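Per-entry structural report
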Amino acid sequence: MSDSRVRLRFAPSPTGGLHMGGVRTALFSYLFAKKHGGDFVLRIEDTDQTRYVKGAEEYIINSLKWCGIEPNEGVGFGDGPYTPYRQSERKELGIYKKYADRLIESGHAYYAFDTAEELDEMRKRLEAAKVVAPQYNAVSRQNMRNATTLSEDEVKKLLAEGTPYVVRLKVPRNEEIRFHDIIRGWVVVNSTQVDDKVLLKSDGMPTYHLAHIVDDIEMKISHAVRGEEWLPSAPAHILIYRYLGLEEQMPKLAHLPLILKPDGNGKLSKRDKSGIPMFPLNWFDERTNESYTGYRESGFFPEAFVNMLAMLGWNSGTTQEIFSIEELIKAFSFERVNKAGAKFDPEKTKWFNQQYLRKKSDEELAELFEPFLKEHNITVDKKFAIGFCKLIKEKAHFVNEFWSLGSFFFIAPTTYDAEVLKKRLNPQTLAYIKEVKTAFDAIQNFTAVETEHAFKAVSEKLNIPTGQVMQLFRVAITGVGGGPALFEMLELFGKENSLKRLDNAIAYFEKQG
RNA sequence: GGCCCGUUCGUCUAGGGGUUAGGACGCGUCCCUUUCACGGACGAAACACGAGUUCGAUUCUCGUACGGGCUACCA
């Protein structure tokens, strides 16, 4: 096994939008596969037809694409040597039945004909008898309608009559099951705790337990990565591999710690009150008529989202926190994945996006901001947009904050911050502003350095400290009391626009007086 | 309830038999600054508890507590 090709699969079931926990599982699998020059496969586990949600599969594919963690094989990403990659289609090939039959023949699985009502009765009976863990197992199966209690002829007859049946795993009575997990080390469970899991359902579909094993074997998967919620059923899976004689080919197991809610406890839910999304992309659930916001639509960069996810349960062992996907691939290992669940931190998630925002070039940001300008019917030349981004990005976590932070760059103010006016507007400061306008008029080379110089010269001339008039001057130009570096803004606006804004403001200020 | 997994600042985490227990987010103070932000400096803030092993345990072992997961013909 150790010398064979590294192949990992991400195997979600299309029962809804892909949760960020699922994205992280995909991410870790992707990183490991890429690090070892292996394959990353997308397999769709659609064995539960009652829970199939239309659009979910496409959503999963689009999410992976947006995150930049693309499988090189599988549904939506091109066929590899093990097509098809949808379990519903693989079922048509009869492969699951084949493996189930093998288990039946070797005596490790059996037909069971119990109806839902009978199973329910059994559970009630066991509960009434104060059985600690009611389950279909080595003991209780003796009182049920299955191939271990019925004669061979009876079983044949029932099958011939078309009686609905399932195939169950015949779990031994009292046996220690040991398995190794890359993240957790050795785990030991007694088979008494494992129930006779259904392998083949009455509709002919395999359950997850059978299907994922068959497919992992058939697809030559080297490492099976999944969430911690699967740990309790892992012993049953070990048994299946063993009874199939495939323990040697069994993928190495890695159970990832869960992502927990930011406050309180428990698994991350579909919605969080922090307002940070739980899904990569917008998702609309047709069944419940509920929609969920995505990271993409909330203005997150995919790199930031992926980086944040990577740091949830994994670390490089250094103090580095900002990683490109290439760096992640280089640094990743399952050994450095934590065992304990990680609470999701909305604040830090924003911080990650801010880090990436600050790394983007002004040109790139201007392009990303373009749609917001369109939305407000604003046309400006590229240079202005780039200059705007340069000044505004320091204030923001997201590109979608740019407009509300700096709409005054594009629309000259018609109202002015009343608080500031009340505090700072008086005959002296008004005279100051007028004097500044005159001084600006005379500037040939309208740069930040020149305007600031001129502004300060007025301060000296009128003997008024800049502090008393600076904010008022800012309000005159932008209408609001806060914003980016004032003289830098003037340079971007240019002489003509700046003077026009000053004129407007002076007219307005005079009316106030 | 039973079984499994886990437990270092509020959160993400580093560390690991002897450390001033390190970093990051957030928070606070100060500096920079016309404002806000950025940046910088500083600060408050953690080894769940109890035994055992040991010269010495946050680190190893066992219990306890707490948290989480699982307990379907769902994945």
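Scoring rules and cut-offs
- Residues numbered from 1 in each chain as written.
- Chains lettered and ligands numbered in written order.
- Predicted model: local features only at pLDDT ≥ 70, side-chain atom pairs only at ≥ 80, totals over all residues.
- Heavy atoms only, no water.
- Phe/Tyr/Trp six-rings, centres within 6.5 Å; stacked < 30°, edge-to-face > 60°.
- Buried < 20%, exposed > 50% of the residue type's maximum accessible area, 1.4 Å probe, protein only.
- Lys NZ or Arg CZ within 6 Å of the ring centre and 35° of its normal.
- pLDDT = per-residue confidence, 0-100.
- Helix = DSSP H or I, 4+ residues; strand = E, 2+ residues; numbered from the N terminus.
- Pairing = 2+ DSSP bridges.
- Right-handed = clockwise from strand over helix to strand, strands pointing away.
- Polar contact = N/O pair within 3.5 Å; in protein donor to acceptor, adjacent residues only side chain to side chain.
- Contact = heavy atoms within 4.5 Å.
- Near = heavy atom within 4 Å.
- Nonpolar A, V, L, I, M, F, W, Y, C, P; charged D, E, K, R; others polar.
- 1 Å grid on protein atoms, 1.4 Å probe; cavity = no way out; pocket = protein on both sides within 12 Å on 5 of 7 lines; lining within 4 Å.
- Points joined across faces, edges and corners; volume = space filled by probe spheres on them.
- Axes fitted to C-alpha atoms, helices over the stretch in contact; angles between N-to-C directions.
- Core = buried A, V, L, I, M, F, W, Y, C linked by side-chain atoms within 4.5 Å.
- Salt bridge = Lys/Arg side-chain N within 4 Å of Asp/Glu carboxyl O.
- Expected span 1.5 Å × (residues − 1).

1. Digging into the packing of aromatic side chains
Per the counting criterion, the structure on display carries 37 aromatic pairs. Seen from their ring centres, Tyr-295 and Phe-300 are 4.9 Å apart, and the 65° between their planes marks the pair as edge-to-face. The exposure class assigned to Phe-300 is buried, which follows from its relative accessible area of 5%. Put simply, the rings of Phe-369, Phe-372, Phe-384, Phe-388, Phe-402, Trp-403, Phe-408, Phe-409, Phe-410 and Phe-493 pair up and form one aromatic cluster. In this arrangement the basic side chain of Arg-168 is found over the ring face of Tyr-136, its NZ or CZ atom lying 3.7 Å from the centre. Positioned above the aromatic ring of Trp-351, the side-chain terminus of Lys-348 is 5.5 Å from the ring centre.

2. Description of the confidence of the model for chain A
With 99% of its residues at a pLDDT of 70 or more, chain A has an overall mean of 95. Two summary scores accompany this predicted model of the complex, namely pTM at 0.95 and ipTM at 0.95.

3. Side note on the pairing of strand β1 (residues 7-10)
Burial along β1 is two-sided: Arg-7 and Arg-9 facing one way and Leu-8 and Phe-10 facing the other are all buried. In this sheet, strand β2 (residues 39-42) lies alongside β1 in parallel orientation, the contact comprising four bridges. Bridging from a neighbouring strand, Arg-7 pairs with Asp-39 of β2. Once the chain exits β1 it traverses helix α1 (residues 20-35) before rejoining the sheet at β2, and the crossover so formed is right-handed.

4. So, the side chain of Asp-196
For Asp-196, the location among the structural elements is in the loop between β7 (185-190) and β8 (198-200). Looking at Asp-196, the relative accessible area reads 0%, which means it is buried. Separated by 2.5 Å, the side chains of Asp-196 and Tyr-110 make a polar contact. In terms of polar contacts, Asp-196 uses its side chain to reach the side chain of Arg-141, at 2.6 Å. Excluding anything up to four places from it in sequence, Asp-196 contacts Tyr-110, Tyr-136, Asn-137, Ala-138, Arg-141, Arg-168, Leu-169, Lys-170 and Val-171.

5. A word on the protein's contact with RNA strand B
Taken together, the neighbourhood of RNA strand B is formed by 57 residues, with Glu-321, Arg-358, Glu-394, Lys-395 and Gly-483 sitting nearest. Those atoms of RNA strand B that come within 4 Å of the protein belong to sugar or phosphate at a rate of 73%. A distance of 2.4 Å is found between a sugar or linking oxygen of RNA strand B and a side-chain nitrogen or oxygen belonging to Glu-321. Elements that contribute at least two residues to the surface near RNA strand B include exactly α5 (116-128), β5 (166-169), β14 (342-343), α11 (346-359) and α18 (470-478). When residues in the surface near RNA strand B are grouped by element, the largest group, five residues, is from α11. In the surface near RNA strand B, the residues fall into 20 nonpolar, 15 polar and 22 charged.

6. Structural notes on the layout of surface pockets
With a probe scaled to a water molecule rolled over the atoms, the places where space remains empty come into view. Reported here for the largest pocket is a volume of approximately 1,300 Å³. What lines the largest pocket is a set of 45 residues, and nearest its centre among them are Pro-12, Ser-13, Thr-15, Glu-229 and Trp-230. Counting residues per element, the ones that place at least two in the lining of the largest pocket are β1, α1, α7 (208-218), β9 (223-227) and β12 (283-285). A breakdown of the residues in the lining of the largest pocket according to their chemical character gives 18 nonpolar, 13 polar and 14 charged. Estimates place the volume of the second largest pocket at around 310 Å³. Lining of the second largest pocket is provided by 20 residues; of these, Val-131, Ala-133, Gln-135, Asn-137 and Val-139 occupy positions nearest its centre. Of the residues in the lining of the second largest pocket, the class split is 10 nonpolar, seven polar and three charged.

7. Digging into the sheet that holds β5
Pairing in this open sheet of three strands is antiparallel, and the strands run β4-β5-β8 from one edge to the other. Whereas interior strands pair on both sides, the edge strands pair on one side only; in this sheet they are β4 (109-112) and β8. If you compare each strand with its neighbour and ignore which way they point, the axes differ by 40° on average. Judged from the four bridges that link them, β4 and β5 form a sheet pairing that is antiparallel. Note on β5: the bridge partner recorded for Ala-109 is Leu-169.

8. With respect to empty space enclosed by the protein
What the rule picks out here adds up to one cavity of 30 Å³ or more. Of the volumes computed, that of the largest cavity is approximately 40 Å³. Together, Arg-9, His-212, Asp-216, Ala-224, Arg-226, His-237, Tyr-241, Met-250, Pro-251 and Leu-253 line the largest cavity. Where the lining of the largest cavity is concerned, the elements lending two or more residues are α7, β9 and α8 (234-243). For the lining of the largest cavity, the class distribution of residues is five nonpolar, two polar and three charged.

9. Let's talk about the nonpolar core
Nonpolar side chains in soluble globular proteins tend to end up buried together. By size, the foremost hydrophobic cluster in this structure holds 119 residues, and its most contacted members are Met-20, Phe-334, Phe-344, Phe-402, Phe-409, Phe-440 and Phe-473. Here the element with the most residues in this core is α1; it accounts for nine residues. Ala-100, Ile-177, Val-194 and Ile-217 belong to the second largest nonpolar core, which has 39 residues in total.

10. What about the pattern of salt bridges?
Under the definition given, this model contains 36 salt bridges. For Lys-360, the salt bridge identified is with Glu-364, shortest N-O distance 3.5 Å. Lys-360 gets classed as buried once you look at its relative accessible area, which sits at 11%. Salt bridges sharing partners connect three or more residues here, namely Arg-9, Arg-43, Glu-45, Arg-90, Asp-215 and Asp-216.

11. Topic: the environment of Lys-273
The topology assignment puts Lys-273 in the loop between β11 (259-260) and β12. Between the C-alpha atoms of Lys-273 and Pro-262, which are 11 residues apart in sequence, the distance is 9.3 Å.

12. Quick look at helix α2 (residues 56-67)
Taking 1.5 Å of rise per residue, the 12 residues of α2 would be expected to cover 16 Å, and the 16 Å separating its terminal C-alpha atoms lies within 8% of that figure. Restricting attention to buried positions, one finds in α2 the residues Ala-56, Glu-57, Tyr-59, Ile-60, Ile-61, Ser-63, Leu-64, Trp-66 and Cys-67. In the segment just after α2, Gly-68 is the residue with positive phi, at about 75°.

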